[in-house]
Amino acid sequence: MNRIKPSKIVCVGLNYRQHAREFDMPVPEEPVIFLKPPSALIYDGDEIVYPPLTRELHYEAELGVVIGRTCRNVSTEDARGFIDGYVCANDVTARDLQRKDGQWSRAKSFDTFCPVGRTVAARDTPDPNRLRIRAFLNDRLVQDSNTSDMIFSVEQIVSFVSSVMTLFPQDLILTGTPQGVGPMQKGDRIRIVIEGIGDISNRVV
Ligand code: MG
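These numbers come from a predicted model, not from an experiment. (Residues numbered from 1 in each chain as written. Predicted model: local features only at pLDDT ≥ 70, side-chain atom pairs only at ≥ 80, totals over all residues. Heavy atoms only, no water.)

### Notes on the environment of Gly 180
For step 1, the next point in the chain: Residue placement: Gly 180 occurs in the loop between strand E13 (172–174) and strand E14 (182–183).
For step 2, the next point in the chain: In this structure, the C-alpha to C-alpha distance between Gly 180 and Glu 22, residues 158 residues apart in sequence, is 8.0 Å. (Helix = DSSP H or I, 4+ residues; strand = E, 2+ residues; numbered from the N terminus.)

Have a look at this one:
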């Protein structure tokens, strides 16, 4: 498996219309971004470690964008040319700490909180803004949506993030999660499936 080694992981919060409704949040006017450290990365089949500091560990199925070329201030129109490919990702979140801290760094950054799969080349993904995305918790379907429900498209997100920070090859952008997020317990298996991209499966320990 090709394992990405990003210099940073940029995440978009609240990027699906249904998910915004689920949390009773207004639709944002521009992407809200936060960072996960590369130390949170694990890969398909690795274990998600339930930290003792949280009582509410959540899965978030997300389409990940892998950058292919260094970019800064790229336009929405040109953004596709800077994308190497796409991965299945899970933005694992300590929901109670996210509420408690206000700032999201701790809640999103524990080791093992960013499972990702192998990269599927951008040329093999004609329209990343039209992919079915699902999560299965112990084989039970818990998230089922389509990237067409995203508020900001993949191209808009790459352009927006590049207006803030320089993106380097292998940098990873998580594009937000659809409705249906929920808790995981030790012993659970969480599987993320994205049409045309593949799937990842990780057990919580
Ligand atoms: Mg997320």
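### Concerning unusual backbone geometry
For step 1, the next point in the chain: One non-glycine residue, Asp 24, lies in positive phi territory at about 55 degrees.
For step 2, the next point in the chain: Relative to the assigned elements, Asp 24 resides in the loop between helix H1 (17–22) and strand E2 (32–36).
For step 3, the next point in the chain: For Asn 73, which is not glycine, the phi torsion reads 55 degrees and is therefore positive.
For step 4, the next point in the chain: Mapped onto the secondary structure, Asn 73 falls in the loop between strand E6 (61–67) and strand E7 (83–90).

### What to know about the sheet that holds strand E15 (residues 189–194)
For step 1, the next point in the chain: Spatial ordering of the open sheet is given by E4-E16-E15-E11-E12, a layout of 5 strands whose pairing is mixed. For this open sheet the edge positions go to strand E4 (47–48) and strand E12 (140–146), each flanked by a neighbour on one side alone.
For step 2, the next point in the chain: Direction of pairing for strand E11 (residues 132–137) relative to E15: antiparallel, over a ladder of 5 bridges. By the bridge assignment, Ala 135 is partnered in E15 with Ile 192. (Pairing = 2+ DSSP bridges.)

### Things to note about the coordination of the magnesium ion
For step 1, the next point in the chain: Looking at the metal site, the magnesium ion is ligated by Glu 60 (OE), Glu 62 (OE) and Asp 91 (OD), spaced 2.0 to 2.1 Å from it.
For step 2, the next point in the chain: Look at where the donors of the magnesium ion fall in the sequence and you get E-x1-E-x28-D. Highlighted residues: Glu 60 in the loop between strand E5 (57–59) and E6 and Asp 91 in the loop between E7 and strand E8 (93–94), separated in sequence by 31 residues. Each of the two residues, Glu 60 as well as Asp 91, counts as buried. (Donors = N, O, S within 2.8 Å, 3.2 Å for Na, K, Ca; no water. Buried < 20%, exposed > 50% of the residue type's maximum accessible area, 1.4 Å probe, protein only.)

### Overview of the pairing of E12
For step 1, the next point in the chain: Direction of pairing for E11 relative to E12: antiparallel, over a ladder of 6 bridges. Of the residues in E12, the one forming a bridge with Ala 135 is Gln 143.

### Regarding helix H4 (residues 154–162)
For step 1, the next point in the chain: With 7 of 9 residues buried, H4 is to be regarded as a mostly interior element.
For step 2, the next point in the chain: Three or more residues of H4 are buried, namely Val 154, Glu 155, Ile 157, Val 158, Ser 159, Val 161 and Ser 162.
For step 3, the next point in the chain: Buried-residue contacts for H4 involve strand E1 (9–13), E2, E6, E7 and E13. (Contact = heavy atoms within 4.5 Å.)

### Section: the packing of aromatic side chains
For step 1, the next point in the chain: Inspection of the entire model under this criterion finds 2 aromatic pairs.
For step 2, the next point in the chain: Aromatic side chains Phe 110 and Phe 113 sit 5.1 Å apart centroid to centroid with 50 degrees between the ring planes, which places their arrangement in the tilted category. Phe 113 shares its class with Phe 110; the two are buried.
For step 3, the next point in the chain: Over the ring of Phe 82 we find Arg 69, and its NZ or CZ is 4.3 Å from the ring centre. (Phe/Tyr/Trp six-rings, centres within 6.5 Å; stacked < 30°, edge-to-face > 60°. Lys NZ or Arg CZ within 6 Å of the ring centre and 35° of its normal.)

### Describing the side chain of Thr 125
For step 1, the next point in the chain: Here Thr 125 is to be found in the loop between strand E10 (120–121) and E11.
For step 2, the next point in the chain: Separated by 3.4 Å, the side chain of Thr 125 and the backbone oxygen of Ala 121 make a polar contact.
For step 3, the next point in the chain: Sequence-distant contacts of Thr 125, that is, excluding residues within four places in its chain, are made with Arg 80, Tyr 86, Val 120, Leu 131 and Ile 197. (Polar contact = N/O pair within 3.5 Å; in protein donor to acceptor, adjacent residues only side chain to side chain.)

### Here's the deal with the layout of surface pockets
For step 1, the next point in the chain: Considered as a void within the structure, the largest pocket measures approximately 340 Å³ in volume.
For step 2, the next point in the chain: Around the largest pocket, the lining is made up of 19 residues, and of these Leu 14, Phe 23, Met 25, Gln 98 and Trp 104 lie nearest the centre.
For step 3, the next point in the chain: Only E1, E2 and helix H2 (95–101) provide two or more residues apiece to the lining of the largest pocket.
For step 4, the next point in the chain: In terms of residues, the lining of the largest pocket owes the most to one element, H2, which gives 3 residues.
For step 5, the next point in the chain: Along the lines of polarity and charge, the residues of the lining of the largest pocket split into 7 nonpolar, 6 polar and 6 charged. (1 Å grid on protein atoms, 1.4 Å probe; cavity = no way out; pocket = protein on both sides within 12 Å on 5 of 7 lines; lining within 4 Å. Points joined across faces, edges and corners; volume = space filled by probe spheres on them. Nonpolar A, V, L, I, M, F, W, Y, C, P; charged D, E, K, R; others polar.)

### Some words on the pairing of E6
For step 1, the next point in the chain: Summarising burial for E6: 7 of the 7 residues are buried, a large majority.
For step 2, the next point in the chain: Alignment of E6 against E13, held across 3 bridges, turns out to be antiparallel. Within E13, the residue paired with Val 65 across the bridge is Ile 173.

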